[in-house]
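Examining the three-dimensional arrangement
The residues making up each chain are set out below.
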Amino acid sequence: MITTTLSKQDFLIVRDQDVIPFRNQVKEAAVKVGMGILNQTKLITAASELVRNLLKYGGGGTAEIEVVNNGRENGIRLVFKDNGPGIQDIDLAMKDGFSTGKSLGLGLPGTKRLVNEFNIQSAVGEGTIVTIIKWKNG
């Protein structure tokens, strides 16, 4: 299925103060496409987790908010990019309970469950790119 980008915003995320304006823009984009409150909440929760990871593990980076269409409905695609240390074992990082930090380890697998599409690419020493999509009715 071909996904078309209808609009795009880029954000530099380098400190904690960058998180709230970014989350507010995610909510605004979700409202703009007519996403219901439950799906808005899932998207914002996923975005919060990933932007926190961007700061904590990647040392900051960029985040993109895109309004997309797949021919049937609109949605929001978020792309998080960092030039941090990368993830050594993505399969392990995607297991519930795994954490390199002192957290519950629900981050990446929990985020994947909140969205319709989830993709992660990472290379040790080069960084990580996480892309998620939440469809309006998904």
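Residues numbered from 1 in each chain as written. Predicted model: local features only at pLDDT ≥ 70, side-chain atom pairs only at ≥ 80, totals over all residues. Heavy atoms only, no water.

**Topic: the nonpolar core**
Let me state the cut-off plainly: As used in this record, nonpolar core signifies buried Ala, Val, Leu, Ile, Met, Phe, Trp, Tyr and Cys residues forming a set joined through side-chain atoms within 4.5 Å. The classification of residues rests on relative accessible area computed with a 1.4 Å probe and restricted to protein chains. Under 20% of the type maximum is buried, over 50% is exposed, and intermediate values are partly exposed. Per the convention used, a helix needs a DSSP run of H or I reaching at least four residues, while a strand needs a run of E reaching at least two, with both numbered from the N terminus. Pairs of residues are marked as contacts when any of their non-hydrogen atoms sit within 4.5 Å.
One finds F22, I76, L78, F80 and I132 to be the most contacted residues of the largest nonpolar core, which totals 30 residues. Where this core is concerned, the elements lending two or more residues are strand 1 (4–13), helix 1 (19–32), helix 2 (37–56), strand 2 (61–69), strand 3 (74–82), strand 4 (117–123) and strand 5 (127–135). The element that contributes the greatest number of residues to this core is helix 2, accounting for eight residues. Every residue in contact with F80, bar those within four places of it in the chain, is listed here: F22, A47, L50, V51, L54, T62, A63, T128, I129 and V130.

**Some details on the pattern of salt bridges**
Any two side chains of opposite charge can pair, on the condition that their charged atoms come close. As a reminder, the rule being used: By salt bridge we mean one thing: a side-chain nitrogen of Lys or Arg within 4 Å of a carboxyl oxygen of Asp or Glu.
Across all of its chains, the model carries five salt bridges by this definition. Here K8 and E64 are joined by a salt bridge, their closest N and O atoms 3.9 Å apart. Remark: E64 occurs in strand 2 and K8 occurs in strand 1; sequence separation between them is 56 residues. Take K8: its relative accessible area is 48%, and that puts it in the partly exposed class. Judged by relative accessible area, which is 10%, E64 ranks as buried. Residues D18 and R15 are paired through a salt bridge, measuring 3.5 Å at the closest nitrogen-oxygen approach. Relative accessible area serves as the criterion here: at 15%, D18 is assigned to the buried category. Residue classification places R15 among the partly exposed residues on the basis of a relative accessible area of 46%.

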